[in-house]
Amino acid sequence: MLDVLGLGPDDERVYRELLGRPDSTAALLTDQLGEPCAHVGTALDRLVEWGLVIRSVDGRCTAAPPAMALGALISQRRDGLRMAEQALVTFAEEHRAAMTGSSISDLIEVITGVDAIRHRFLQVQQAARTQVRTFITAPFVAVPPGENSAEPMAINRGVHFRAVLDRAVLAEPGIIADAIDSMRNGVQLRVADALPMKLVLADADLGLVPLAVTPAGDPGAVLLHRSGLLDALDALFETVWRAAHPLELSGIGLDTEPTVAIGAEGPTELDRKILALLLAGLTDPTAATQLGLSPRTLHRRLRRLMDLAGVRTRMQLGGHAVRHGWVEAS
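Rules behind the numbers
- Residues numbered from 1 in each chain as written.
- Predicted model: local features only at pLDDT ≥ 70, side-chain atom pairs only at ≥ 80, totals over all residues.
- Heavy atoms only, no water.
- Axes fitted to C-alpha atoms, helices over the stretch in contact; angles between N-to-C directions.
- Helix = DSSP H or I, 4+ residues; strand = E, 2+ residues; numbered from the N terminus.
- Parallel < 35°, antiparallel > 145°, perpendicular 65-115°, else oblique.
- Left-handed = near helix turned anticlockwise from the far one by under 90°.
- Contact = heavy atoms within 4.5 Å.
- Nonpolar A, V, L, I, M, F, W, Y, C, P; charged D, E, K, R; others polar.
- Core = buried A, V, L, I, M, F, W, Y, C linked by side-chain atoms within 4.5 Å.
- Buried < 20%, exposed > 50% of the residue type's maximum accessible area, 1.4 Å probe, protein only.
- Salt bridge = Lys/Arg side-chain N within 4 Å of Asp/Glu carboxyl O.
- Phe/Tyr/Trp six-rings, centres within 6.5 Å; stacked < 30°, edge-to-face > 60°.

Here the focus is the packing of helix H10 (residues 269–279) against helix H11 (residues 284–291). Closest axis-to-axis distance for the H10/H11 pair is 10 Å, and the angle between their directions is 140°. Considered as vectors, H10 and H11 are oriented oblique to each other. For the crossing formed where H10 meets H11, the hand is right-handed. Together, Leu270, Lys273, Ile274, Leu277 and Leu278 of H10 and Asp284, Ala287, Gln290 and Leu291 of H11 make up the contact between the two elements. Of the residues belonging to the contact of H10 with H11, the class tally is six nonpolar, one polar and two charged.

This brings us to the nonpolar core. The tendency in soluble globular proteins is for nonpolar side chains to be buried side by side. Leu170, Leu189, Leu208, Ile274 and Leu317 are the most contacted members of the largest nonpolar core, which has 55 residues in total. Setting aside residues up to four positions removed in sequence, Leu170 forms contacts with Leu165, Ile175, Ile176, Val191, Leu247, Ala280, Leu282, Thr286 and Gln290.

Right, let's get into the pattern of salt bridges. Per the stated rule, a full pass over the model turns up 19 salt bridges. The partner of Asp284 in a salt bridge is Arg314, and the shortest N-O contact between them spans 2.6 Å. One end of the pair, Asp284, is in helix H11; the other, Arg314, is in helix H13 (residues 314–323), and 30 residues separate them in sequence. Asp284 sits in the buried class, given a relative accessible area of 17%. Judged by relative accessible area, Arg314 falls into the partly exposed class, the value being 41%.

Using the criterion set out here, one finds two aromatic pairs in the structure. Ring geometry for Phe135 and Phe237: centres 5.3 Å apart, planes at 25°, overall stacked. In this pair, Phe135 sits in strand S4 (residues 131–136) while Phe237 sits in helix H9 (residues 228–243), placing the two residues 102 residues apart along the sequence. Exposure class is identical for Phe135 and Phe237. Each is buried. Note on Phe237 and Trp241: the rings are 6.0 Å apart at their centroids and 20° apart in plane angle, and the pair reads as stacked.

Packing of helix H2 (residues 26–33) against helix H3 (residues 37–49) brings their axes to within 9 Å, and their N-to-C directions diverge by 120°. In this view, H2 runs oblique relative to H3, as classed from their interaxial angle. In terms of crossing hand, the pair formed by H2 and H3 is right-handed. Mapping the contact onto sequence places Ala26, Leu29 and Thr30 in H2 and Cys37, Val40 and Leu44 in H3.

Here's what the structure looks like:
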């Protein structure tokens, strides 16, 4: 738990034991923890050095109050990270200056293998300072839905995420749940009829584009640095984004009870989700599967929505839903 502060497992165990046993000796701690005496002694020396343990002249040790001792370590780490961020900005500017006029081999890095692609995919997002933009298509080779650990960390840093999903990807298992989680975190999602490629862009500095499988059977990708090609991908994303349909599922959980009836004042949250998926282009069977409904239940709810809206066709229902705020307009 405290490894992020530089404490090892032995250090943490000794410190936690001391929290409940003040004025303990190294021998007593050795008996209580069942650890070798040398390990306990070394841990105590480190804890004393860091100010986490107070040692008296007779060798008895007491844990310093956590709020004071650990708080000081956390502040030091925070200050160190702030300095590292400032250094990152300086290094990035130096790198950009050095890349000016570089050869093609310096601007394009070829990556091979699932693990290497996953690593670069996470790194690109970690490098972003203001925004990350992505094209999401199937199949998911390196990072399946729900496994993008870099996204929430970047969002916590204030990075803005926008993603366009290929319409066909909405039928993939787990993608709707992943989309809802992302949108709850502030990610903007849109749906396009078809996307030309997978793509990840970090600011205007880095781009990751997966390639076809190599003759050896390994997936490949290219990492692009700032260049005319990266500018073209930037423009491609913005063009596709403007034409894509907003996917509005935020606030609609997957645990919605399917049997909730339509209220007289309008559709339920589940109904809004059904409309959003169908307007995004999913077929009835696919939408029903994603929502855990039977096709018959989905059709019955659509029929009631049409009665509520006073329309006769799906197209009229879609128009009514957009005009009356049942779903987000594109």
